[in-house]
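Results of the structural survey
The lines below spell out each chain.
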Amino acid sequence: FFMYAEEVDWGWRIHKAGWRTVCVPTAKVVHLVGQSTGQIKPRSIVNLWESRLSLFCKHYPRWKEWLARRMIRIGIRRKQRALDRDAALSQADRAAMHDAYERVLQMAKTGVPC
């Protein structure tokens, strides 16, 4: 997994191996929102959904993966329609985001290698 979903995969693999996972409520994490990906948002969207699709493929039965891919396509199409109404984006940024969403739609249609 690149950048996204690796911790979920790790947790599931730990559980499947019979190990116990625990929550430490006193642990603190500082997350600098978008600091590593905010500058390249279209690419981060593609990476995010590629990782999620890989996670579905790896850990879920085919029917659930198919259902997840169908739901992603519905959601991404809604995102594209909202993007067309977003006046805050430049034409270049809008085009880049549209291309990223198209890549996600293609991945959701065909699936990704597990």
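It should be emphasised that the depicted structure is a prediction, and the values quoted were computed from it without experimental measurement.

Analysis parameters
Residues numbered from 1 in each chain as written. Predicted model: local features only at pLDDT ≥ 70, side-chain atom pairs only at ≥ 80, totals over all residues. Heavy atoms only, no water. Axes fitted to C-alpha atoms, helices over the stretch in contact; angles between N-to-C directions. Helix = DSSP H or I, 4+ residues; strand = E, 2+ residues; numbered from the N terminus. Parallel < 35°, antiparallel > 145°, perpendicular 65-115°, else oblique. Left-handed = near helix turned anticlockwise from the far one by under 90°. Contact = heavy atoms within 4.5 Å. Nonpolar A, V, L, I, M, F, W, Y, C, P; charged D, E, K, R; others polar. Phe/Tyr/Trp six-rings, centres within 6.5 Å; stacked < 30°, edge-to-face > 60°. Buried < 20%, exposed > 50% of the residue type's maximum accessible area, 1.4 Å probe, protein only. Lys NZ or Arg CZ within 6 Å of the ring centre and 35° of its normal.

Regarding the packing of helix α2 (residues 41-59) against helix α4 (residues 91-110)
The contact between α2 and α4 brings their axes to 8 Å, and the two run at 10°. Taken together, the axes of α2 and α4 lie roughly parallel to each other. The two elements α2 and α4 meet at a crossing, and its hand is right-handed. Contact with α2, carried on its side by K41, P42, R43, I45, V46, W49, E50 and L53, involves A96, M97, A100, Y101, R103, V104, M107 and A108 of α4 and no other residues of that element. Across the contact of α2 with α4, the residue classes tally to 12 nonpolar, no polar and 4 charged.

Looking at the packing of aromatic side chains
Evaluation of the coordinates by the stated rule reveals 2 aromatic pairs. Residues F56 and Y60 carry aromatic rings whose centres are separated by 5.8 Å and whose planes lie at 55° to one another, so their mutual orientation is tilted. Looking at F56, the relative accessible area reads 18%, which means it is buried. The exposure class assigned to Y60 is partly exposed, which follows from its relative accessible area of 32%. These aromatic residues form a ring-pair network of at least three members: W12, F56 and Y60. The residue whose ring lies beneath R52 is W49, and the NZ or CZ to ring-centre distance is 4.6 Å.

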